[in-house]
Amino acid sequence: MTQILMPKATAVWLVDNTSLTFDQIADFCGLHPLEVKGIADGEVARDIRGADPIANGQLNRDELDAAEKNPAYRMKVQKSRHAELLKPVKKAPRYTPVSRRQDRPDAIAWFVRNHPEVPDSQVARLLGTTKATIDQVRDRTHWNSPNIKPVDPVTLGLASQLELDAVVRKAADKKAKDDARRGIVEPEGDTLRPASETGSAQDDPEPEATHADDSGHDDEDEA
């Protein structure tokens, strides 16, 4: 609706506040000269309130003055630098070469094993895959499950180290905030270290031998 009304609203203001020709106004607003004539005659855009293109940053005073002095002059729409900076940039979907697409399940498995805190949506965006495929790898219902092995997506060439670090860091920060909100305190340091570094039940020291009682005799002596 805004895209339809704004050109006419601008034309209304220019008709009411300038001496520009219908052709000049039509050219600037992207309208037909007959539409501009209809606005001037009160037959078109009767209920539309005029919009000042100078105040809106679409036109500067020098352009308007030049156009009023020369009926053949065509005004140029000014591009707002701030509007360009604020314009949302939509990132295109990641394209994965055909030669590497068979590696995506391995990368998905790596995320499932090492970083379950990363949302499926982030994994899908990073690897160029789908949530359905992620579920199949996680549930081991993927057609190639017996051959899927967790492999770092950077090693596979499916993502850069910077991209991977950013995704993992973002998920870790969110998990930390959620845990703090629930009163869960995570131990400091890397929680994904292998058993060879963290130790296992087999590495626990042998239990101390049973000490004799205070009398200096063990159970066999008392028997």
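Look a little higher up for the structure.
Being a predicted model, the structure only gives us computed values, none of them experimental. (Residues numbered from 1 in each chain as written. Predicted model: local features only at pLDDT ≥ 70, side-chain atom pairs only at ≥ 80, totals over all residues. Heavy atoms only, no water.)

**Comments concerning the side chain of His 142**
Heads up, the condition is: Only DSSP runs of H or I covering at least 4 residues are called helices, and only runs of E covering at least 2 are called strands; the numbering of each starts at the N terminus. Contacts described as polar in this section are N or O atom pairs within 3.5 Å, which, within protein, must combine one atom able to donate a hydrogen with one able to accept it, while residues neighboring in sequence count only if both atoms come from side chains. In what follows, a contact means two residues having at least one pair of non-hydrogen atoms within 4.5 Å.
Looking at where His 142 falls in the secondary structure, it is placed in the loop between helix H9 (131–139) and helix H10 (161–182). Only 3.0 Å separates the side chain of His 142 from the backbone nitrogen of Asn 144, close enough to count as a polar contact. Excluding residues that lie within four positions of it along the chain, His 142 makes contacts with Pro 105, Thr 133, Gln 136, Val 137 and Ile 148.

**Side note on helix H2 (residues 22–29)**
Short version of the rule: Accessibility here uses a 1.4 Å probe with only protein chains present; expressed as a share of the type maximum, an area under 20% marks a residue as buried, one over 50% as exposed, and anything in between as partly exposed.
Of the positions making up H2, those classed as buried are Gln 24, Ile 25, Ala 26, Phe 28 and Cys 29. In the stretch just after H2, Gly 30 is the one whose phi turns positive, near 75°.

**Examining the environment of Ile 48**
By the secondary structure assignment, Ile 48 is in the loop between helix H3 (33–40) and helix H4 (61–69). Residue classification places Ile 48 among the partly exposed residues on the basis of a relative accessible area of 21%. Once the C-alpha coordinates of Ile 48 and Lys 8 are considered, the two residues, 40 residues apart in sequence, prove to be 7.6 Å apart.

**Things to note about H3**
So the rule is basically this: Directions pointing from the helix axis toward each C-beta atom define the arc.
Here H3 has its buried residues at Val 36, Gly 38 and Ile 39. Take H3 and look down its axis: the buried residues cluster within an arc of 155°, on one side only.

**Topic: the pattern of salt bridges**
What counts, and what does not: Salt bridge criterion: a side-chain nitrogen from Lys or Arg within 4 Å of a carboxyl oxygen from Asp or Glu.
Within the structure shown, the criterion is met by seven salt bridges. The partner of Asp 179 in a salt bridge is Arg 182, with the nearest N and O atoms 2.9 Å apart. Highlighted residues: Asp 179 and Arg 182, both in helix H10, separated by three residues, approximately one helical turn. Judged by its relative accessible area of 56%, Arg 182 falls in the exposed class. A network of salt bridges, in which partner residues are shared, links Asp 120, Asp 135 and Arg 138.

**Side note on the packing of helix H7 (residues 104–114) against H9**
Cut-off, in case you're wondering: Note on geometry: axes are lines fitted to C-alpha atoms, helical ones only across the stretch in contact, with angles between N-to-C directions running from 0 to 180 degrees. Working definition: roughly parallel below 35 degrees, roughly antiparallel above 145 degrees, roughly perpendicular at 65 to 115 degrees, and oblique for all remaining angles. Note: crossing handedness is left-handed where the near helix turns anticlockwise from the far helix by less than a right angle, and right-handed where it turns clockwise. Ten residues, namely Ala, Val, Leu, Ile, Met, Phe, Trp, Tyr, Cys and Pro, are considered nonpolar, four, namely Asp, Glu, Lys and Arg, are considered charged, and the remaining ones, Gly among them, are considered polar.
Remark: H7 packs on H9, axes separated minimally by 9 Å, with the N-to-C direction vectors making an angle of 65°. Taken together, H7 and H9 sit at an angle that is classed as roughly perpendicular. Pair H7 / H9 crosses with right-handed handedness. Note on element contacts: H9 touches H7 through Thr 133, Ile 134, Val 137 and Arg 138, opposite Pro 105, Ile 108, Ala 109 and Val 112. Looking at the contact of H7 with H9 residue by residue, the classes come out as six nonpolar, one polar and one charged.

**Considering the environment of Phe 28**
Inspection of the secondary structure puts Phe 28 in helix H2. Given a relative accessible area of 9%, Phe 28 falls into the buried group. Sequence spacing of Phe 28 and Pro 7 is 21 residues, and the spatial spacing of their C-alpha atoms is 8.7 Å. The contact partners of Phe 28, leaving out residues within four places of it in the chain, are Thr 10, Leu 14, Pro 53, Gln 58, Leu 59, Met 75, Lys 76 and Val 77.

By themselves these figures say nothing about function.
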